[in-house]
Each structure stands twice: as structure tokens, then as C-alpha cells.
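Okay, here's what each chain looks like letter by letter:
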Amino acid sequence: AMLASDGDTAVYLIYSYARICSMERKVAAETGIDPSEVVARVAMSMSLSKSRPTEWDLAMTVIKFPEFLDRAMGDLRPHHLCKYAYDLSVAFAKFYA
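Described in the following lines is the structure provided in the data block. None of these values were measured; they are calculated from a predicted model. (Residues numbered from 1 in each chain as written. Predicted model: local features only at pLDDT ≥ 70, side-chain atom pairs only at ≥ 80, totals over all residues. Heavy atoms only, no water.)

### A closer look at the pattern of salt bridges
Thought 1: The final tally for this structure, using the stated rule, is four salt bridges.
Thought 2: Glu37 is the partner of Arg41 in a salt bridge, and the nearest nitrogen-oxygen pair spans 3.2 Å. Of this pair, Arg41 and Glu37 both sit in helix 2 (residues 35-45), four residues apart, which is roughly one turn of the helix.
Thought 3: The partly exposed category is assigned to Arg41, whose relative accessible area is 48%.
Thought 4: Residues Glu55 and Arg52 are paired through a salt bridge, measuring 2.7 Å at the closest nitrogen-oxygen approach. (Salt bridge = Lys/Arg side-chain N within 4 Å of Asp/Glu carboxyl O. Helix = DSSP H or I, 4+ residues; strand = E, 2+ residues; numbered from the N terminus. Buried < 20%, exposed > 50% of the residue type's maximum accessible area, 1.4 Å probe, protein only.)

Right, here's the structure in full:
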């Protein structure tokens, strides 16, 4: 179903994006700091461990972006980026839950 809110659909991806944007607004409102600055500060002080599997899975998904981009450009098939966006949304949802 094209309008399903779960699974590999545009609605699911848009919901994930809206959720992240909402979190960014909340961070900005509560801290008075630009969300990208908060992310940079946390990233500098954070260590990644396989003992926290949802964080590990999210990080491993994030670093795969260049691979998916190269594949999309090499094959001239942008659907690879849609697959990446879905995988990233799923990893983020598991991390955030």
C-alpha cells in the first residue's frame, strides 16, 4: 500500500525525517544551541562500542552512505539511495526506541 506508514514506503521515510527534525527543534529550544553543534560536541566525546548494538548498527549504517552513493552513480540507478534512506530510517528507529 502506497500510503502505509510502516515498511519500505515514502510515508515511512517522511515520518522518520519529520521525527528527526522535531528532535532537532527540541534540542535547539532546550539548549539554545544549534543541533549540528550539539552533534559535533557529542561525536567528539563519544566512543562507539559493539556492546551497544543499536548505536553500533546506526553508526555502521551511516558510514555506508558513500558505498550506496557510488553504487547509485555507477549503475545510474538512484533507487540505491532510497534503499539506503530506508535502512538508515530503520536503524535510527531502533536506536531511538
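### Some points on the packing of aromatic side chains
Thought 1: Under the criterion given, the structure shown has five aromatic pairs.
Thought 2: Taking the centre distance of 5.3 Å and the plane angle of 55° together, the rings of Phe65 and Tyr84 count as tilted. Pair noted here: Phe65 is in helix 4 (residues 65-75) and Tyr84 is in helix 5 (residues 79-96), with a separation of 19 residues, a long-range link.
Thought 3: According to the relative accessible area criterion, Phe65 is partly exposed, its value standing at 37%.
Thought 4: Look at Tyr84 and you get buried, because its relative accessible area is 8%.
Thought 5: Members of the aromatic cluster, connected to one another through ring pairs, are Phe65, Phe68 and Tyr84. (Phe/Tyr/Trp six-rings, centres within 6.5 Å; stacked < 30°, edge-to-face > 60°.)

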